[in-house]
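# Residue-level structural notes
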Amino acid sequence: MKTPARLLPLQHADLIDEVVGQLQSGKEAEVYLVRVEGVIRCAKVYKEANHRTFTQKTQYTEGRKIRNSRQARAMEGNSKYGRKERESEWQNTEVETLYLLAAAGVRVPQPLAFYEGVLLLEMVADQDGDPAPRLSDVVLTAVQARAYFQVMIREAVRMLCAGIVHGDLSEFNVLKAHDGLVIIDLPQAVQATANNAFAIFERDLLQLAAFFGRSAPEIKSTNYAKEIWQLYRNGKLRPDTQLTGKFADSSKNADVGEVMAEIDEARAEALMRHRGPR
Ligand SMILES: Nc1ncnc2c1ncn2[C@@H]1O[C@H](COP(=O)(O)OP(=O)(O)OP(=O)(O)O)[C@@H](O)[C@H]1O
Ligand SMILES: [Mg+2]
């Protein structure tokens, strides 16, 4: 096909030979099939900042560690500079996260290059060598659903051990490759140390349980998120830690936490009154 404008710089830089077709136009990006030295790869073209919704991004920004303070300030405001910074930060997160997760043994496509806002990466293939389908496009038996759910729980544990929460884990972002499941789409990944990381992690696992639960209903009553998170918080989570899928909710503990928070708040207020506003 005729090379789309956003892929021309890659062609000129000799990073790709030819654009073979378009795979999908999603919310955040367009994915093309490209030929590189005789091999078919994927090229993920991130949409321009002004074509995307910013509300969702700001929600996730909080969870990211921003080292450079100039960058941090820029990201708070809505200046043109700030927008540009957020744009590049968004794009870099996916590349960085792919490398990090691959090193941690999580099955993700291998990133090959990141150039002019385009991520060149391994094409995940099915048994015929075609682009692998998403889990959402596959009909699963109950036995397969149970097995795949366990694989995905293990992958989520591996990601957490590497300090990462996917942030959009669902049947739409897992591909069924010829040799197993591959996780994609990571620009919104957050650091596990972020304030809201548990809520995001829990939502990821609930989405998976809801999907696999359609084929194997008992999956819907599992509770892995709290169990895994508690192990993680206590420094006891390892990639191969045995899990039960059950979690005994202790409302007593929760109450104690709430009371403590109230005490802290009251103390802070008293201090404020005492010192006066600064
Ligand atoms: N490495 C890959 N190999 C094969 N197919 C891929 C690969 N990466 C992406 N795809 C296909 O392109 C689609 C869009 O990719 P991705 O999910 O990364 O982007 P997105 O813009 O966030 O999409 P969406 O908004 O639909 O989630 C995927 O659902 C998948 O079908
Ligand atoms: Mg996606």
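Starting afresh in each chain, residues are numbered from 1 along the sequence in its written order. All chains are assigned letters beginning with A, and all ligands numbers beginning with 1, in the order in which they are written. Only residues with pLDDT of at least 70 are given local features in this predicted model, and only at 80 or more are side-chain atom pairs given and counted; all residues enter the totals for whole chains, interfaces and linings.

### Section: the nonpolar core
The cut-off we apply is this: To form a nonpolar core, buried Ala, Val, Leu, Ile, Met, Phe, Trp, Tyr and Cys residues must be joined through C-beta atoms within 7 Å. Three exposure classes are used. Buried residues have 20 or more other C-beta atoms within 10 Å of their own C-beta, exposed residues have 12 or fewer, and partly exposed residues fall in between, all C-beta atoms being placed from the backbone. Contact between residues is assigned whenever the C-beta positions, reconstructed from backbone atoms, fall within 7 Å.
Core analysis: the largest hydrophobic core is formed by 55 residues, its most contacted members being Ala 43, Ala 156, Val 165 and Leu 208. Setting aside residues up to four positions removed in sequence, Ala 43 forms contacts with Leu 7, Leu 10, Ile 16, Tyr 32, Val 34, Val 118 and Leu 120.

### A look at the site of ligand 1
Rules: By convention here, the C-beta atom is placed from the backbone, and a residue is near a molecule or strand when that atom is within 6 Å of it. By the criteria applied, helices consist of DSSP H or I runs no shorter than four residues and strands consist of E runs no shorter than two, each listed in order from the N terminus. Residue polarity is assigned by list, with Asp, Glu, Lys and Arg as charged and Ala, Val, Leu, Ile, Met, Phe, Trp, Tyr, Cys and Pro as nonpolar; anything else, Gly included, falls into the polar class.
Neighbouring residues of ligand 1: 22 residues in total, closest Gly 26, Lys 27, Ala 29, Val 124 and Asp 185. Within the residue set of the shell around ligand 1, elements represented by two or more residues are strand 1 (18-25), strand 2 (29-36), strand 3 (39-46) and strand 5 (118-122). Across the shell around ligand 1, the residue classes tally to 13 nonpolar, 3 polar and 6 charged.

### A word on the packing of helix 5 (residues 142-161) against helix 6 (residues 197-213)
Short version of the rule: Axes here refer to lines fitted to C-alpha atoms; in helices the fit is confined to the stretch in contact. Angles between the N-to-C directions go from 0 to 180 degrees. When describing relative orientation, an angle under 35 degrees is termed roughly parallel and one over 145 degrees roughly antiparallel, while 65 to 115 degrees is termed roughly perpendicular and anything else oblique.
Where helix 5 contacts helix 6, the two axes come as close as 10 Å, and the packing angle between them is 170°. Our classification of the angle between helix 5 and helix 6 gives roughly antiparallel. Taken together, the residues of helix 6 that come into contact with helix 5 (itself represented by Ala 145, Tyr 148, Phe 149, Met 152 and Ala 156) are Asp 204, Leu 205, Leu 208 and Phe 212.

### Structural notes on helix 5
For the α-helix, the turn length of 3.6 residues means that residues three or four positions removed from each other point alike. Worth spelling out the cut-off: To estimate the expected span of a helix, count its residues, drop one, and scale the result by 1.5 Å.
Between its first and last C-alpha atoms helix 5 spans 29 Å; for 20 residues at 1.5 Å apiece the expected length is 28 Å, and the two agree. Remark: Gly 163 follows helix 5 within two positions and exhibits a positive phi of approximately 85°.

### Structural notes on the packing of helix 6 against helix 7 (residues 224-233)
This is how the line gets drawn: With the far helix as reference, a near helix turned anticlockwise by less than a right angle produces a left-handed crossing, and one turned clockwise produces a right-handed crossing.
In contact at an axis separation of 9 Å, helix 6 and helix 7 are set at 140° when each is read in the N-to-C sense. As far as their axial angle goes, helix 7 and helix 6 are oblique. Along this stretch, helix 6 crosses helix 7, giving a crossing that reads as right-handed. Contact residues: Phe 198, Phe 201, Glu 202 and Leu 205 in helix 6; Tyr 224, Ala 225 and Trp 229 in helix 7. Residue classes in the contact of helix 6 with helix 7 are distributed as 6 nonpolar, no polar and 1 charged.

### A short note on the sheet that holds strand 3
Picture the strands of a sheet paired through backbone hydrogen bonds; they go either parallel or antiparallel. Applied cut-off: Paired strands are those between which DSSP finds at least two bridges.
Taking strand neighbours across the sheet as the criterion, the 5 strands line up as 1-2-3-5-4 in an open arrangement whose pairing is antiparallel. A single partner strand is all that each edge strand has here, and the edge strands are strand 1 and strand 4 (111-115). Neighbour to neighbour, the strand axes of the sheet diverge by 25° on average, direction disregarded. As judged from the 6 bridges shared by strand 1 and strand 2, these two strands associate in the antiparallel manner. Considered in strand 2, the bridge of Glu 18 is made with Arg 35.

### Details of the pairing of strand 3
Of all 8 residues making up strand 3, 6 are buried, and the element is well covered by its neighbours. Pairing between strand 2 and strand 3: 8 bridges, direction antiparallel. Within strand 3, the position partnered with Glu 30 by the bridge is Val 45. Hairpin connection of strand 2 to strand 3: 2 residues between the antiparallel strands, including Glu 37 at a positive phi of 45°. Inspection of the sheet shows strand 3 paired to strand 5 by 5 bridges, in the antiparallel sense. The residue bridging Ala 43 from the neighbouring strand is Leu 120, located in strand 5.

### Looking at unusual backbone geometry
Backbone geometry at Glu 37 places phi at a positive 45°, although glycine is not the residue there. Tracing the backbone shows Glu 37 in the loop between strand 2 and strand 3. Residue class for Glu 37 comes out exposed when judged on the 8 C-beta atoms lying within 10 Å of it. One non-glycine residue, Asp 185, adopts positive backbone phi at about 65°. Looking at where Asp 185 falls in the secondary structure, it is placed in the loop between strand 8 (180-183) and strand 9 (190-191). Residue class for Asp 185 comes out buried when judged on the 25 C-beta atoms lying within 10 Å of it.

### Here's the deal with the confidence of the model for the protein
Operational definition: You can read pLDDT as the predictor saying how much it trusts each residue, on a scale of 0 to 100.
When pLDDT is averaged along the protein, the result is 84; 74% of the residues meet or exceed 70. A low-confidence stretch, residues 50-67 (pLDDT under 50), is modelled with 24 contacts involving residues beyond four sequence positions or located in other chains.

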